[in-house]
Amino acid sequence: NAGVTQTPKFQVLKTGQSMTLQCAQDMNHNSMYWYRQDPGMGLRLIYYSASEGTTDKGEVPNGYNVSRLNKREFSLRLESAAPSQTSVYFCASSEALFLQPREYSNQPQHFGDGTRLSIL
Amino acid sequence: QKEVEQDPGPLSVPEGAIVSLNCTYSNSAFQYFMWYRQYSRKGPELLMYTYSSGNKEDGRFTAQVDKSSKYISLFIRDSQPSDSATYLCAMTNYGGATNKLIFGTGTLLAVQP
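If you're wondering where the values come from, they're calculated on a predicted model, not measured in any experiment.

Novice: Honestly, the sheet that holds strand β8 (residues 74-78) of chain A in this entry has me stumped. Any pointers?
Specialist: Strands pair in a sheet through their backbones, by hydrogen bonds, and they do so in one of two ways: parallel or antiparallel. All names here are of chain A. Strand order in the open sheet formed by four strands is β1-β3-β8-β7, and the pairing between neighbours is antiparallel. Pairing within the sheet leaves two strands with one partner each, and these edge strands are β1 (4-7) and β7 (64-68). Neighbour-to-neighbour, the strand axes of this sheet turn through a mean angle of 20°, independent of strand direction. Judged from the four bridges that link them, β1 and strand β3 (residues 19-25) form a sheet pairing that is antiparallel.

Here is the structure:
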């Protein structure tokens, strides 16, 4: 069972270049998320998709776009990469966005292993 | 001021020690508290989950929440080298639970054999 798969694992870009980070999950989850992780800042939510066909901004959406291609796939696009976007990007998925307390322990967010992106 | 504060460490302990990891938070609306473990070059994985105040135990791990002090803790008993990882606290602050989490910055733990 692969869980959440992110591609690529590593990428180096030049300022101004564009690229799309891919994420796919095989757990039939409804909700998917994109985070960035930076030293001293922790994990910050960029965008999320509560269900297929919907996307919403998180805490740090500027400079990014997302597409929920289908239930399995959620991509993150950098249209014009900037050095400030150098980070480790994590995709996650969960059964649902809204939960009852008794449900949470069985329905946490499952994370991929990240894409390490450097922008020169 | 960040909503969630966590000492980044690193914290180095000998094998067998009791480890205490902590987070403080400022938003009194937080109700759901989690601890994630993240090994090097891997994604976070859920370790413990607690709803509201109180303690929860799972094997060598105990999570505590003190809402009056806005303080949460994770205790690891009989620590092992395999526990060496970054530990992230996370919490959510909505009237109903959602999966939109606020994370701490993580504490790097090294357990020396």
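Once the structure has been displayed, the description carries forward.
Novice: Help me understand the state of the cysteines in this model?
Specialist: Linking two cysteines covalently through their sulfur atoms gives a disulfide. This model, assessed by the stated rule, comprises two disulfides over all chains. The disulfide bridge from Cys23 of chain A ends at Cys91 of chain A, spanning 1.9 Å between sulfur atoms. Judged by the sign of its S-S torsion, about -70°, the bond between Cys23 of chain A and Cys91 of chain A is left-handed. In this pair, Cys23 of chain A sits in strand β3 while Cys91 of chain A sits in strand β9 (residues 87-94), placing the two residues 68 residues apart along the sequence. One disulfide bridge connects Cys23 of chain B with Cys89 of chain B, the sulfur atoms lying 2.0 Å from each other. Because the torsion about its S-S bond is -100°, the bridge between Cys23 of chain B and Cys89 of chain B counts as left-handed. In this pair, Cys23 of chain B sits in strand β3 (residues 19-25) while Cys89 of chain B sits in strand β9 (residues 85-92), placing the two residues 66 residues apart along the sequence. By relative accessible area, which is 1% here, Cys23 of chain B ends up buried. Taking relative accessible area as the criterion, Cys89 of chain B reaches 0% and is therefore assigned buried.

Novice: Any chance you could explain unusual backbone geometry here in plain terms?
Specialist: The residue after Thr7 of chain A, namely Pro8 of chain A, is reached through a cis peptide bond having omega -5°. Following the sequence through the fold, Pro8 of chain A ends up in the loop between β1 and β2 (10-13). Put simply, Gly9 of chain B and Pro10 of chain B share a cis peptide bond, and its omega is 5°. Summarising the element assignment, Pro10 of chain B is placed in the loop between β1 (4-6) and β2 (11-14).

Scoring rules and cut-offs
- Residues numbered from 1 in each chain as written.
- Chains lettered and ligands numbered in written order.
- Predicted model: local features only at pLDDT ≥ 70, side-chain atom pairs only at ≥ 80, totals over all residues.
- Heavy atoms only, no water.
- Pairing = 2+ DSSP bridges.
- Helix = DSSP H or I, 4+ residues; strand = E, 2+ residues; numbered from the N terminus.
- Axes fitted to C-alpha atoms, helices over the stretch in contact; angles between N-to-C directions.
- Disulfide = S-S within 2.5 Å.
- Buried < 20%, exposed > 50% of the residue type's maximum accessible area, 1.4 Å probe, protein only.

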